[in-house]
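# A closer look at the structure
Residues per chain, in single letters:
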Amino acid sequence: SVRWGLIGASTIARQFMINAIRAQGEGEIAAVMSSNPERATAYARENNIPLAVSTLDALLGADIDAVYISTTNELHLEQALAAIEAGKHVLCEKPLALTSADARRMVAAAKVAGIVFGTNHHLRNAGAHRAMRDAIAAGRIGKPIAARVFHSVYLPDNLQGWRITKPEAGGGVVLDITVHDADTLRFVLGDDPVEVSAFTQSAGMAGSGLEDGAMCIWRFKSGLIAQSHEGFTTKFAGTGFEVHGSEGSLIASNVMTQKPVGSVLLRTANGEEELSFDREDLYARSLRQFHAAIRGDCQPSATGEDGIWSLTAAEAALQSANSGKAVKIDPKL
Ligand code: NDP
């Protein structure tokens, strides 16, 4: 089985990724690293992890094959580069880094080292989004014309930390949620964004000049236009994803989430049809595919290049919000 080291004693690892790594019996967690030795020990005990360490060297020196990086965003770059240097496969949280230039460095280093590098864009693993992608690829809505993403949530109390207080840690809703929306649009549409125009706001939760709401308008290569709404401060909005084509519309509800829930409706001249889709845990599927990628069978569900794309798109959205102008998106791949 694949032996994993966790870089970061994080909430996302505790809530989803530890179970996902262990899910198919293909992965085990050999060690966890926290910057704080007491936290490392407590986290290891609570999650049944045999080794707790408080330095990157100690983690990378342990008997592991792969690392999962879920520290705050400013740390991903140096931790990923060190893990790659040590020859470990890397599954890194989004955003890959604070800038797309740094993300390109990570992905280039991984390529040179010949290790597997993935970005943890979980929504690609949602049955709902895969059903939408398949329906579009099969021509069921004709030519896709427009898309709308509703991904404004309420940031839970326990996560109201660095995301709303620390620009230097990569806080703000754009690096947190817009990256996911850009990636999910690319995945579902099978198309790439070329330009974005965005407004952001500080609606009362985030401080230090950080944005806690964003609305973006995207233009895709095919000519499709899309809108996305990301937020931390709306308790009652619900989430959704719609794609409207010449011959039909896909209308998904409650699908911009971490759980395999929600519904997808196909509406055409023939009426309405509820699409069925698999309800596998998103993160477990991501790990299943990552383990297969280590065996050489496939790519991770979201690659390093996908992570460069989503960060480039988010970066362009922030530039647009700051400049008041539409910004071109060029991942330089
Ligand atoms: P957390 O705030 O829970 O964890 C980030 C770091 O904060 C940890 O590495 C830890 O540092 C420190 N920390 C966590 N809890 C405590 C605590 N109680 N006291 C002191 N320090 C603490 O962040 P998230 O888990 O929400 O996010 C981590 C990363 O994962 C980010 O990059 C984020 O963007 C991404 N993410 C991705 C999701 C997805 O679905 N793909 C969902 C949620 C997050 P140390 O390790 O040094 O102890």
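In the block above lies the structure referred to throughout.
These notes cover the structure that comes with them. (Residues numbered from 1 in each chain as written. Predicted model: local features only at pLDDT ≥ 70, side-chain atom pairs only at ≥ 80, totals over all residues. Heavy atoms only, no water.)

Attention shifts here to the sheet that holds strand β11 (residues 240-245). One open sheet accounts for nine strands, arranged β14-β13-β12-β11-β7-β10-β9-β8-β15; its pairing is mixed. In this open sheet, the two edge strands, each paired with only one partner strand, are β14 (271-275) and β15 (327-328). Pairing analysis gives two bridges linking strand β8 (residues 193-201) to β15, with the strands arranged antiparallel. Across the sheet, the residue bridging to Glu195 is Lys328, located in β15. Helix-sheet contacts for helix α10 (residues 304-323) involve β8, β9 (213-220) and β15, and the interaxial angle to β8 is about 50 degrees. (Pairing = 2+ DSSP bridges. Helix = DSSP H or I, 4+ residues; strand = E, 2+ residues; numbered from the N terminus. Contact = heavy atoms within 4.5 Å. Axes fitted to C-alpha atoms, helices over the stretch in contact; angles between N-to-C directions.)

Another point: the site of the ligand. Taken together, 25 residues form the shell around the ligand, and within it Thr11, Ser34, Ser35, Asn73 and Tyr283 come nearest. Within the side chain of Arg39, an N or O atom sits 3.0 Å from an oxygen atom of the ligand. Burial of the ligand by the protein chains amounts to 77% of its free accessible area of 880 Å². For the shell around the ligand, the secondary structure elements donating two or more residues are α1 (11-22), α7 (162-165) and α8 (173-189). Within the shell around the ligand, the residues separate by chemical class into six nonpolar, 14 polar and five charged. (Near = heavy atom within 4 Å. Polar contact = N/O pair within 3.5 Å; in protein donor to acceptor, adjacent residues only side chain to side chain. Areas by Shrake-Rupley, 256 points an atom, 1.4 Å probe, with all protein chains shown as cover. Nonpolar A, V, L, I, M, F, W, Y, C, P; charged D, E, K, R; others polar.)

Turning to the pairing of β11, a few remarks are in order. With six of six residues buried, β11 is to be regarded as a mostly interior element. Sheet topology places strand β7 (residues 144-152) next to β11; six bridges connect them, and they run antiparallel. Across the sheet, Arg148 pairs through a bridge with Glu242, a residue of β11. As paired strands, β11 and strand β12 (residues 248-253) are joined by five bridges and run antiparallel to one another. Each residue of the ladder has a partner; that of Glu242, found in β12, is Ile251. The turn joining β11 and β12, which pair antiparallel and follow one another in sequence, is formed by two residues. (Buried < 20%, exposed > 50% of the residue type's maximum accessible area, 1.4 Å probe, protein only.)

This next bit is on the sheet that holds strand β4 (residues 66-69). One open sheet accounts for six strands, arranged β3-β2-β1-β4-β5-β6; its pairing is parallel. Where the open sheet ends on each side, the last strands, each with one partner, are β3 (51-53) and β6 (117-119). Adjacent strand axes in the sheet meet at a mean angle of 25 degrees when their direction is disregarded. Bridge count for β4 against strand β5 (residues 89-92) is four bridges, and the pairing is parallel. Opposite Val67, over in β5, you have Val90 as the bridge partner.

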